[in-house]
Amino acid sequence: MANLDWLVVRDLYEIESATFWKDSLEVRTGEIVPEHCRTEVFLMPAASHVEKEGTFTQTQRLLQWREKALDPPGDCRSELWFFYHLGRRMRERLAGSTEPRDRALLDLDWDYPVHGVHDEPSAEAVLMEINGYETATRRPLSGFAEYRIDGTTAGGCWIYAGVYAGGVNQAARRKPRTEQDEVALEWGWAWPLNRRLMYNRASADPEGRPWSDRKRYVWWDAERGVWAGPDVPDFERTKPPGYRPPPGATGPEAIAGDDPFVQQGDGKGWLYVPTGSLFRTEFGTVVVQEDICNGCGYCIPACPYGVIRAPGSIDLRTKPNNLGMHLVVRVLVAAAACALTASCGGPARSAPSARPPHSATGSSPAQTVSPSAAEPSPPAPASPSGASLAPVPPGFVALPDVDPSILTDIRYATAHNFVGRPVAGYRQPRCLLTRQAAEALHHVQTAALARGYSLKVYDCYRPQQGVDDFIRWAGDRDQRMKSEFYPEVDKSVLFDEGYIGGPTAHSRGSTVDLTLVATPPRDQPSYTPDRPLVACTAPAGQRFPDNSIDMGTGFDCFDPLAHTAAPGLSTAVRDNRALLTGLMATGGFANYPKEWWHYTLGGEPFPRTYFDFPVA
């Protein structure tokens, strides 16, 4: 926003978009200097919902009209007033122009009735135009089927066609529940066509009979030859259940009488199985086929080579209820993978018809992920000191080979983390990153050292098997580290609250968890399992003596206080977090707002690839 010439903000309060130039994280870090910021900000006071007329819409698609309770104070105005009078003034300024570029604005229909002391334009008149009307007679359309492509009708949005049917504001209806049935078609108006349940043809079986007489909703009335029921049928009203489309049929004619999902081209309900984009090559590599991959990443843990191999691999009866749904979904996906993707179902299978595998580069047609073990392996302890180090895969580097001055404290290779033991896949306390991320960190370290600080990393690349280990841990009863890492959060909600999830950006190799340490760094005592645990939210002098500058919480603290911009932070903590954020921004890293320590490189080389080679 600092690159804009001007910016218009309309709100009830002076929000951060209006004050970024004088009071923001970028100002505190020196990225923006208010005296030199070129952007001119215009803050226009807005009207609240009780100070203007119009509709509310909620998740049932129900439009309910609200009347204005009082005029907005002072210079506050509604959005409708602002845009109407802005357009009016622009048209007045351009009146008489012969420039072709001005025709679009001058030829607009912009004649709305106004009322009140501020000349507020009529919201009902706008609603009527959105509804649609015949251009010759101005008769409001009763539904979207009346739209024509020959210019004889006009309208703002087809889904709202019918909200002003008969010249009546249907959204303003308020018939009491005691005077109508439970569907309540005369309370407000739902798009489209006042239909309260989408795909309600599915409430009847393929022959058009209610699945349950007690809960009958929409059914085929053979005597009248129409679909009947208390709701507006979401189906061609006279198309019988036995209708079959003729060869070559398109559009609505191609929807059979027993296919209720009319907004799909084939009328069918679709079940998406992202694991179908995987196949395993003869070399043992799991490959993501780019042309059918949507980038969600969830196929990696769902594949039989990830955390869940088959429906029976996790016993949901032993899991906390809040975690159960997450695991149920993952089990179902894995089951679908086994049933629908034979090429990902066994160690000896491959996909002969699939394209040949490619190396895992950002521009390759397919992306590769090293397979994890066929069975979930127990957590591997860190290798003893002096053990030989494994070669680093292509595209990755060991951080000390790029910048040996950056401190490391790889917690997941030790017992000092939220699971209380070394995590699967961490066989050595090493920081492995993509070369681009490591070189960007070197740039940040140079800037940090110039200000008297050094970076210290807690975690870098994280193998998928480590994520899988977290998921297994989330489902067991082990809470040995609760009093330090999640003292105020129940373990069963760690998934729901976003503290744990999979897959993680760490597995793409360009995400790092880190902090700042004042130079020269002071000694940090080693963690021992018999050390008393102190809440990660405790004051810096009481929690584990990390040599980091005070960031308000310890690393991996599952608590809202760890959110980067958490309220209630001291000025010193807020400034320390802002300093880290500003320094990381110089290297192109962006912060994850729920974890002050978590940063991902912009333009990372493997944005859709999740690796699983061990840190060894």
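From a predicted model like this one, the values you see are computed outputs, not experimental measurements. (Residues numbered from 1 in each chain as written. Predicted model: local features only at pLDDT ≥ 70, side-chain atom pairs only at ≥ 80, totals over all residues. Heavy atoms only, no water.)

As for the sheet that holds strand E4 (residues 62-66)
Across a sheet, paired strands are connected by hydrogen bonds in the backbone, their directions being either parallel or antiparallel.
Alright, step 1. If you walk across this open sheet you meet the 3 strands as E3-E4-E9, and the pairing is antiparallel. Single-partner strands in this sheet number two, and they are strand E3 (54-57) and strand E9 (189-190).
Alright, step 2. Two strands pair when backbone bridges link them, and E4 and E9 are joined in this way by 2 bridges, in the antiparallel orientation. In the sheet register, Leu-62 faces E9, and the bridge partner there is Ala-190. (Pairing = 2+ DSSP bridges. Helix = DSSP H or I, 4+ residues; strand = E, 2+ residues; numbered from the N terminus.)

Details of the pairing of strand E21 (residues 598-601)
Alright, step 1. Where burial is concerned, the two faces of E21 agree: the one with His-598 and Thr-600 and the one with Tyr-599 and Leu-601 are both buried.
Alright, step 2. The sheet contact formed by strand E19 (residues 511-518) and E21 spans 3 bridges and is antiparallel. Residue pairing for E21: Asp-513 is matched across the bridge by His-598.
Alright, step 3. A loop of 6 residues connects strand E20 (residues 589-591) with E21, the two strands running antiparallel in sequence. (Buried < 20%, exposed > 50% of the residue type's maximum accessible area, 1.4 Å probe, protein only.)

Some words on the state of the cysteines
By definition, a disulfide is the covalent link that joins the sulfur atoms of two cysteine residues.
Alright, step 1. In total, this model carries 2 disulfides according to the counting rule given.
Alright, step 2. Through a disulfide, Cys-431 is tied to Cys-460; the S-S separation comes to 2.0 Å. Handedness of the Cys-431-Cys-460 disulfide follows from its S-S torsion of about -100 degrees: it is left-handed. Taken together, the residues Cys-431 in the loop between strand E16 (407-408) and strand E17 (432-434) and Cys-460 in the loop between strand E18 (453-459) and helix H10 (464-474) connect sequence positions 29 residues apart.
Alright, step 3. On the basis of relative accessibility, which here comes to 1%, the residue Cys-460 falls in the buried class.
Alright, step 4. At a sulfur-sulfur separation of 2.0 Å, the disulfide partner of Cys-536 is Cys-557. Its S-S torsion of approximately 65 degrees makes the covalent link between Cys-536 and Cys-557 right-handed. In this pair, Cys-536 is assigned in the loop between E19 and helix H12 (571-586) and Cys-557 in the loop between E19 and H12, connecting sequence segments 21 residues apart. (Disulfide = S-S within 2.5 Å.)

Quick look at unusual backbone geometry
Alright, step 1. Of note, the amide linkage connecting Trp-191 to Pro-192 takes the cis form, showing an omega dihedral of -10 degrees.
Alright, step 2. Mapping Pro-192 onto the fold places it in the loop between E9 and strand E10 (219-221).
Alright, step 3. Between Thr-519 and the following residue, Pro-520, the backbone shows a cis peptide bond with an omega angle of -5 degrees.
Alright, step 4. One non-glycine residue, Arg-138, lies in the positive phi region at around 65 degrees.
Alright, step 5. Relative to the helices and strands, Arg-138 is located in the loop between strand E7 (133-134) and strand E8 (153-154).
Alright, step 6. A relative accessible area of 39% places Arg-138 in the partly exposed class.
Alright, step 7. In this structure, Asp-556 takes a positive phi of about 60 degrees despite not being glycine.
Alright, step 8. In this fold, Asp-556 is placed in the loop between E19 and H12.
Alright, step 9. You can call Asp-556 buried: its relative accessible area is 4%.

So, the environment of Leu-583
Alright, step 1. Relative to the assigned elements, Leu-583 resides in helix H12.
Alright, step 2. For Leu-583, a relative accessible area of 5% translates into the label buried.
Alright, step 3. Leu-583 sits 137 residues away from Thr-446 along the chain, and the two C-alpha atoms are 9.7 Å apart.
Alright, step 4. Apart from the residues within four sequence positions on either side, Leu-583 is in contact with Val-444, Ala-447, Ala-448, Arg-451 and Leu-516. (Contact = heavy atoms within 4.5 Å.)

Concerning helix H9 (residues 435-450)
Alright, step 1. Here H9 is 16 residues long and its end C-alpha atoms lie 23 Å apart, about the 22 Å a rise of 1.5 Å per residue gives.
Alright, step 2. Of all the positions in H9, only Ala-437, Ala-438, Ala-440, Leu-441, Val-444, Gln-445 and Ala-448 are classed as buried. Buried residues along H9 cover an arc of 160 degrees about the axis, so they all sit on one side.
Alright, step 3. Downstream of H9 by one or two residues, Gly-452 has phi in the positive range, about 90 degrees. (Expected span 1.5 Å × (residues − 1). Arc of directions from axis to C-beta.)

Side note on helix H5 (residues 123-131)
At 3.6 residues per turn, the α-helix brings residues three or four places apart onto the same side.
Alright, step 1. Buried within H5 we find Ala-123, Ala-125, Leu-127, Met-128, Glu-129 and Asn-131.
Alright, step 2. Where H5 is buried, its residues touch E3, E4, helix H3 (79-94), strand E6 (120-121) and E7.
Alright, step 3. For H5, the side-chain oxygen to backbone nitrogen distance between the N-cap and Glu-124 is 3.4 Å, and the N-cap itself is Ser-122. (Polar contact = N/O pair within 3.5 Å; in protein donor to acceptor, adjacent residues only side chain to side chain.)

A closer look at a nonpolar patch on the surface
Alright, step 1. Taken together, the side chains of Trp-6, Val-8, Phe-42 and Met-44 present a nonpolar region at the surface, about 370 Å² in accessible area.
Alright, step 2. When contributions to the nonpolar patch are tallied by element, the ones reaching two or more residues are strand E1 (6-11) and strand E2 (40-45).
Alright, step 3. With respect to the helices, strands and loops of the structure, Phe-42 is situated in strand E2. (Patch = residues over 30% accessible without salt bridge, like charges linked within 9 Å, V, L, I, M, F, W, Y side chains within 5 Å. Areas by Shrake-Rupley, 256 points an atom, 1.4 Å probe, with all protein chains shown as cover. Salt bridge = Lys/Arg side-chain N within 4 Å of Asp/Glu carboxyl O.)

Some thoughts on the pattern of salt bridges
Alright, step 1. Tallied over the full model, the rule gives 32 salt bridges.
Alright, step 2. A salt bridge links Arg-411 to Asp-409; the nearest nitrogen and oxygen atoms lie 3.0 Å apart.
Alright, step 3. Members of the salt-bridge network, linked through shared partners, are Asp-409, Arg-411, Lys-456 and Asp-546.

Some words on the sheet that holds E19
Alright, step 1. Taken together, 5 strands build an open sheet; the order of strands is E16-E18-E19-E21-E20 and the sheet is mixed. Each end of this open sheet is capped by a strand with a single partner; those strands are E16 and E20.
Alright, step 2. Note that E20 and E21 share 3 bridges and pair antiparallel. Along E21, the bridge assignment pairs Asn-591 with Tyr-599.
Alright, step 3. Contacts between H9 and the sheet are confined to E18, E19, E20 and E21, with E18 contributing the most and set at about 145 degrees to the helix.
Alright, step 4. Across the sheet, H12 touches E18, E19, E20 and E21, and the angle it forms with E19 is around 125 degrees. (Axes fitted to C-alpha atoms, helices over the stretch in contact; angles between N-to-C directions.)

Details of the packing of aromatic side chains
Alright, step 1. Using the criterion set out here, one finds 29 aromatic pairs in the structure.
Alright, step 2. Between the NZ or CZ atom of Arg-66 and the centre of the ring of Phe-56, over which it lies, the distance is 4.6 Å.
Alright, step 3. Above the ring of Trp-473, the side-chain terminus of Lys-491 is found at 4.0 Å from the ring centroid. (Phe/Tyr/Trp six-rings, centres within 6.5 Å; stacked < 30°, edge-to-face > 60°. Lys NZ or Arg CZ within 6 Å of the ring centre and 35° of its normal.)

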